[in-house]
Amino acid sequence: MIQTNYNPDVLSCLANLSNDEVFTPPNLVNQILDLLPKEIWENKDAKFLDPVSKSGVFLREIAKRLMIGLEKQIPDKQKRINHIYTTQLYGIAITELTSLLSRRSVYCSKTANGKYSVCNEFKNEQGNIVYERLQHTWVSGKCSYCGASQEVYDREDALETYAYPFIHKDITIKIFKNMKFDVIVGNPPYQLNDGGGTGSSAMPIYQKFIHQAKKLNPRYLTMVIPSRWFSGGRGLDEFRDEMLKDTRIRIIHDFLNASDCFPGVEIKGGVCYFLWDRDNKGLCKIHTHDGNKNISISERQLLEKNTETFVRYNEAISILRKVQSLKESSFANIISANDPFGFDVRENNSYKRVKPTFKKTSFKDGVEFYYNGWKKEGLGYIKKDTIQKNIGWIDEYKILIPKAWGIGNMDKDWLNPFIISPNSCCTETYLVIGPYAKKKTAQSVVAYTQTKFFHFLVSLIKNTQNAMKKVYQFVPIQDFEETWTDEKLYKKYKLTNEEIEFIESMVRPTEIENEQ
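Predicted model only: the values in this text are computed from it and were never measured. (Residues numbered from 1 in each chain as written. Predicted model: local features only at pLDDT ≥ 70, side-chain atom pairs only at ≥ 80, totals over all residues. Heavy atoms only, no water.)

*Asks:* So, the overall build of the chain: which residues are in play, and what are the values?
*Replies:* Within the chain one finds 15 helices and 19 strands. Each principal axis of the C-alpha atoms in the chain carries an extent, and together these give about 85 × 55 × 50 Å. In the chain, 70% of the contacts between residues at least 6 apart in sequence involve partners at least 24 apart. Approximately 24500 Å² of the chain is accessible, and the part contributed by carbon and sulfur atoms is 48%. With 71 positive and 63 negative side-chain charges, the chain shows a separation of 2 Å between the mean positions of the two kinds. (Helix = DSSP H or I, 4+ residues; strand = E, 2+ residues; numbered from the N terminus. Contact = heavy atoms within 4.5 Å. Areas by Shrake-Rupley, 256 points an atom, 1.4 Å probe, with all protein chains shown as cover. Lys, Arg positive; Asp, Glu negative; His and termini not counted. Charge placed at Lys NZ, Arg CZ, Asp CG, Glu CD.)

*Asks:* For the nonpolar core, give the residues involved together with the corresponding values.
*Replies:* Residues Phe48, Leu49, Tyr85, Leu89, Trp229, Phe262 and Phe274 are the most contacted members of the largest nonpolar core, which totals 86 residues. Among the elements that take part in this core, helix 2 (residues 57–69) stands out by supplying seven residues, more than any other. Beyond its immediate chain neighbours, meaning those up to four positions away, Phe262 contacts Val22, Phe23, Thr24, Pro25, Leu28, Asn187, Tyr190, Val224, Ile267 and Val271. Counting residues in hydrophobic clusters, the runner-up holds 48 residues, among them Ala332, Ile334, Val445 and Met506. (Core = buried A, V, L, I, M, F, W, Y, C linked by side-chain atoms within 4.5 Å. Buried < 20%, exposed > 50% of the residue type's maximum accessible area, 1.4 Å probe, protein only.)

*Asks:* So what's going on with empty space enclosed by the protein? Which residues, and what values?
*Replies:* In total, this model carries two cavities of 30 Å³ or more according to the counting rule given. The computed volume of the largest cavity comes to approximately 80 Å³. As for the largest cavity, its lining consists of Trp405, Gly408, Asn409, Met410, Asp413, His455, Val458, Ser459, Lys462 and Val507. Within the lining of the largest cavity, the residues separate by chemical class into four nonpolar, four polar and two charged. Taken together, Val22, Phe23, Thr24, Asp50, Val52, Ser53, Lys54, Ser55, Gly56, Val57, Phe58 and Asn187 make up the lining of the second largest cavity. (1 Å grid on protein atoms, 1.4 Å probe; cavity = no way out; pocket = protein on both sides within 12 Å on 5 of 7 lines; lining within 4 Å. Points joined across faces, edges and corners; volume = space filled by probe spheres on them. Nonpolar A, V, L, I, M, F, W, Y, C, P; charged D, E, K, R; others polar.)

*Asks:* Before we move on, could you go through the pairing of strand 2 (residues 89–93) and cite the residues and values that matter?
*Replies:* With five of five residues buried, strand 2 lies mostly within the body of the structure. Alternating positions in strand 2 separate into two faces, Leu89, Gly91 and Ala93 on one and Tyr90 and Ile92 on the other, with burial throughout.

*Asks:* If you had to explain helix 8 (residues 206–215) to someone new, which residues and values would you point to?
*Replies:* By the criterion of burial, helix 8 is predominantly enclosed, with seven of the ten residues buried. Residues of helix 8 that are buried: Tyr206, Gln207, Phe209, Ile210, Gln212, Ala213 and Lys214. Backbone geometry just downstream of helix 8 places Asn217 in the positive-phi region, at approximately 55 degrees.

*Asks:* I'd like a rundown of the sheet that holds strand 12 (residues 284–290), residues and numbers included.
*Replies:* Across a sheet, strands are paired by hydrogen bonds formed along the backbone, either parallel or antiparallel in direction. Here we have nine strands laid out as an open sheet, ordered 3-2-1-6-9-11-10-12-13, and mixed in their pairing. Of all strands in the sheet, those bounded by a partner on one side alone are strand 3 (129–130) and strand 13 (293–300). As paired elements, strand 6 (residues 183–186) and strand 9 (residues 220–226) share four bridges and run parallel to each other. Bridge pairing in strand 9 places Val183 opposite Tyr220. Its contacts with the sheet put helix 2 on strand 1 (48–53), strand 2, strand 3 and strand 6, and the angle it makes with strand 2 is roughly 175 degrees. Against the sheet, helix 8 contacts strand 1, strand 6, strand 9 and strand 11 (271–277), and its axis sits at roughly 175 degrees relative to strand 9. (Pairing = 2+ DSSP bridges. Axes fitted to C-alpha atoms, helices over the stretch in contact; angles between N-to-C directions.)

*Asks:* With reference to specific residues and values, describe the packing of aromatic side chains.
*Replies:* If you walk through the whole model with that rule in mind, you get 32 aromatic pairs. Aromatic pair Tyr370 and Phe418: ring centres 6.0 Å apart, planes at 50 degrees, arrangement tilted. Here Phe418 lies in strand 17 (residues 418–420) and Tyr370 lies in strand 14 (residues 366–370), a separation of 48 residues in the sequence. Taken as a pair, Tyr370 and Phe418 share a single burial class, namely buried. Positioned above the aromatic ring of Phe363 is the side chain of Lys359, whose terminal nitrogen or guanidinium carbon lies 5.2 Å from the ring centre. Above the face of the Phe418 ring, Lys375 is positioned so that its terminal group lies 5.7 Å from the ring centre. (Phe/Tyr/Trp six-rings, centres within 6.5 Å; stacked < 30°, edge-to-face > 60°. Lys NZ or Arg CZ within 6 Å of the ring centre and 35° of its normal.)

*Asks:* Would you mind going over the side chain of Arg228 in detail, with residue names and values included?
*Replies:* Take Arg228: it is sitting in the loop between strand 9 and helix 9 (237–244). Taking the relative accessible area as the measure of exposure, Arg228 reaches 13% and is therefore buried. Setting aside chain neighbours within four positions, we find Arg228 in contact with Gln191, Tyr206, Leu236, Ile267, Lys268, Asn463 and Thr464.

*Asks:* Let's hear about helix 1 (residues 26–33): which residues, and what values?
*Replies:* Inspection of helix 1 places Pro26, Leu28, Val29, Ile32 and Leu33 among the buried residues, and these make up the whole buried set. Along helix 1, the residues classed as buried sweep out an arc of 160 degrees about the axis, all on the same side. Looking at the packing, one finds that the buried side of helix 1 touches helix 2, strand 6, strand 9 and strand 11. (Arc of directions from axis to C-beta.)

*Asks:* I'd like to hear about the pairing of strand 16 (residues 397–402), residue by residue, with values.
*Replies:* Burial within strand 16 is extensive, with five of its six residues counted as buried. In terms of strand pairing, strand 16 meets strand 19 (residues 430–436) through five bridges, oriented antiparallel. Residue pairing in the sheet places Ile399 in a bridge with Ile433 of strand 19. Relative to strand 17, strand 16 runs antiparallel, the two sharing three bridges. Note on strand 17: the bridge partner recorded for Ile399 is Ile419.

This is a description of form; function is not addressed.
Right, here's the structure in full:
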């Protein structure tokens, strides 16, 4: 039967500006607002700020709740509307376009004091949803506030600068006159292109909005952000440490797949939203979501003992504790840092790489050279004196692994290492495991990397395509004089049937392979 009277919410139909500036669906907004205590909606003095307003959906849904919660205290509907909109709801738009969209959503008029505005007490067009066009403050090619690249974002006046007001000036002090906010809520921009790449190589920026929000010391703070901060990484290590040690984070909802929150949007590593409760410290209740299911709930510390990253799977905690109880060295200790042989050279004042000179045919005293694309184009050969680092590794067996592989989902990713013989090296495309004097030892190491046990422990840190040596931190080193299988590893670490079943259910079959 076709419903002819269906009237969809226009804010659930908006196309996103980009993966960096994602509009928040109304149903997700209400899930986030459900984290706040119910009594907040009956407090006529509570003040709410969305410092990154795009569609205005957060303020609109807050207004709906306050309209219900304050009905007994302010029975007259128009007086209630005027009170809520003029004294309780505040927003800072991220662009001129989103300021207009936000006012239209919240005030039902593109101007707060317009003829059709639901609030009839505003004296200016902006109302309490403000936007101020700002320029970046350039210092040595970077913005001193947000770190944006001058090369990318130093634009003419007609183009958007992406100098977001909330993190570029004390705009809340300037415009809202030192107002104290009870609740700060929103969905900040996630990243900026730094001139050196896009996607996971772009510069994260969402952590700066959370830092700024905390400076305002609200009673509650809740935002939806990428989950990549769980393991830190570029620009996020300090933020990760701060968040994981903050016992005021009382609730986290973690979504393994971002599309479960933002349909049609891919965000590597998933997304999460959290509740920061200024006046109540304690354990954090962690909800893990996959698809439409809340697959686990656990109340625990965010930072597990002897770890530097957040373990996002509640069921993994007991497994990790058993592994760490043997106090074995980390597999990360036998993996090279990025660019193991020193071929990652850039042009002056640029991210552009200087490609090493090599030949496709062997020559006297040439060293085998493994580069991105060698499988299709043929193995290369390079002069030994061009190798800048780890010269002593050249004449031993080495295991190469890509520094980026998979997508950050343990049920899809699989590492495919390969052994290279003595008299060889590689570009920064690969990391090196080893080196080893005997090929048999290298073969034993490769066999270990092909276990589900190995991949499971890697997945506790690796939540994007990037896989530098730190993602192998939880993997213990074994005695590689013998060959390891999952069965032998499960027995060694005394895993229960339930723990084994969890690993087996979360890691994909080994016979499915990814291309390197």
